[in-house]
Amino acid sequence: MKIGLALSGGGARGIMHLGVMKALQEQGFELAALSGTSAGAIAGALVAHGYSPDEVLGIITQTRFFRYFRPSFSKMSLLTMEKVEELYLKHFPHDSFEALKIPLTVCATDIQAGKTVFFESGHLIKPLMASSCLPGIFEPILYQKRLLVDGAVLNNMPIEPLLEKVDVIVGSNCNAYPLNKPLRSVANLLERSLLLSVRNKTSDRLRQCHFTFEPPEVSRYDIFDVRKARDIFKIGYEAVVRSKSSWEQLLLNR
């Protein structure tokens, strides 16, 4: 039985996906394919390359990400991701989808055409950069004659590439958001508006998953909480462990 894992975007909350993958591996489940947006694409790519989830967690906690960002002189963004390519090359020296040990699809948004774009062959690093390119924050990535930004703009749970490849689709969504969370600032209001918009676009795709890991505890963290990486990782791991009986029952019934 082939199992595919769809990984949502969500900034630092996407570290949860690593805990999910570690728990699945410990339970003996082999992933036949991965599909990810933004943080989910990055986590998926590192594991697909051959790093263990614990090794990826180590990379995250030891990397000073802000040193790779530079001010942008473009009217469309605050920062440029040019130096980020150097960071990726350290961990993906072959810069190739074909070099990955697990098939991976990366989701980005063609902001000019208003379309979702999927990448699964050729160069790996540019699609990864595009998939996590937050509009307005980072300068859009020009690749293959397309102007690309964060995949979550249109598709934050990219199950489509998995539909014809696997027997069971599992969703890992790090954007559970309780509506009773107090609104105390403009930032809170903007965050909730964004998450509700993303959630509305994601709900139908989540229903198409055979099983979904969506722990509400991850909502305690925001998209920049990289310093809480180990806590977020643990949330993903424990979400799989808690649902072990339901998860195994699903596979028995397939």
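Residues numbered from 1 in each chain as written. Predicted model: local features only at pLDDT ≥ 70, side-chain atom pairs only at ≥ 80, totals over all residues. Heavy atoms only, no water.

**Let's talk about helix α2 (residues 39–49)**
Thinking step 1. With respect to burial, α2 is a largely interior element, 10 of its 11 residues being buried.
Thinking step 2. Residues of α2 that are buried include every one of Ala39, Gly40, Ala41, Ala43, Gly44, Ala45, Leu46, Val47, Ala48 and His49, and no others. (Buried < 20%, exposed > 50% of the residue type's maximum accessible area, 1.4 Å probe, protein only. Helix = DSSP H or I, 4+ residues; strand = E, 2+ residues; numbered from the N terminus.)

**Remarks on the pattern of salt bridges**
Thinking step 1. For the structure shown, the criterion picks out nine salt bridges.
Thinking step 2. The closest approach of N and O atoms between Arg205 and Glu160, which form a salt bridge, is 2.8 Å. Taken together, the residues span a long stretch of sequence, with Arg205 in helix α6 (residues 186–208) and Glu160 in the loop between β8 (146–150) and β9 (168–172) at a distance of 45 residues.
Thinking step 3. Given a relative accessible area of 30%, Glu160 falls into the partly exposed group.
Thinking step 4. Here Arg242 ties to Glu217 by a salt bridge, and the two come within 3.3 Å at their closest N and O atoms. (Salt bridge = Lys/Arg side-chain N within 4 Å of Asp/Glu carboxyl O.)

**Topic: a nonpolar patch on the surface**
Thinking step 1. On the surface, Leu134, Ile137, Ile223 and Phe224 cluster together into a nonpolar patch covering about 340 Å² of accessible area.
Thinking step 2. Looking at the element boundaries, Phe224 is found in the loop between β10 (211–213) and α7 (229–242).
Thinking step 3. For Phe224, a relative accessible area of 62% corresponds to the exposed category. (Patch = residues over 30% accessible without salt bridge, like charges linked within 9 Å, V, L, I, M, F, W, Y side chains within 5 Å. Areas by Shrake-Rupley, 256 points an atom, 1.4 Å probe, with all protein chains shown as cover.)

**Re the packing of aromatic side chains**
Thinking step 1. Per the stated rule, a full pass over the model turns up three aromatic pairs.
Thinking step 2. Aromatic side chains Tyr88 and Phe92 sit 6.3 Å apart centroid to centroid with 35 degrees between the ring planes, which places their arrangement in the tilted category.
Thinking step 3. Measuring from ring centre to ring centre gives 5.7 Å for Phe119 and Tyr143, while their planes differ by 55 degrees; the resulting arrangement is tilted. With a gap of 24 residues between them, Phe119 in strand β6 (residues 115–119) and Tyr143 in strand β7 (residues 141–143) connect regions that are remote in the sequence. Pair check on accessibility: Phe119 and Tyr143 agree, each one buried.
Thinking step 4. Across from the ring centre of Tyr237, 5.6 Å away, lies the NZ or CZ of Lys22, which sits over that ring. (Phe/Tyr/Trp six-rings, centres within 6.5 Å; stacked < 30°, edge-to-face > 60°. Lys NZ or Arg CZ within 6 Å of the ring centre and 35° of its normal.)

**Looking at the environment of Ala48**
Thinking step 1. Mapped onto the fold, Ala48 is located in helix α2.
Thinking step 2. Residues Ala48 and Ala33, spaced 15 residues apart in sequence, show a C-alpha to C-alpha distance of 8.7 Å.

**Notes on unusual backbone geometry**
Thinking step 1. Positioned with a positive phi, Gln144 is a non-glycine residue whose angle comes to about 50 degrees.
Thinking step 2. Within the fold, Gln144 resides in the loop between β7 and β8.
Thinking step 3. Phi is positive for Lys145, which is not a glycine, with a value near 65 degrees.
Thinking step 4. Position of Lys145 relative to the elements: it lies in the loop between β7 and β8.
Thinking step 5. The exposure class of Lys145 is exposed, given its relative accessible area of 84%.

**Thoughts on the pairing of strand β2 (residues 31–37)**
Thinking step 1. With six of seven residues buried, β2 lies mostly within the body of the structure.
Thinking step 2. Sheet topology note: the strand β1 (residues 3–7)/β2 ladder contains five bridges and is parallel. Residue pairing across strands places Gly4 opposite Ala33, the latter belonging to β2.
Thinking step 3. One crossover worth recording links β1 to the parallel β2 by way of helix α1 (residues 16–26), and it is right-handed.
Thinking step 4. Pairing between β2 and strand β5 (residues 104–110): four bridges, direction parallel. Across the sheet, Gly36 pairs through a bridge with Val106, a residue of β5. (Pairing = 2+ DSSP bridges. Right-handed = clockwise from strand over helix to strand, strands pointing away.)

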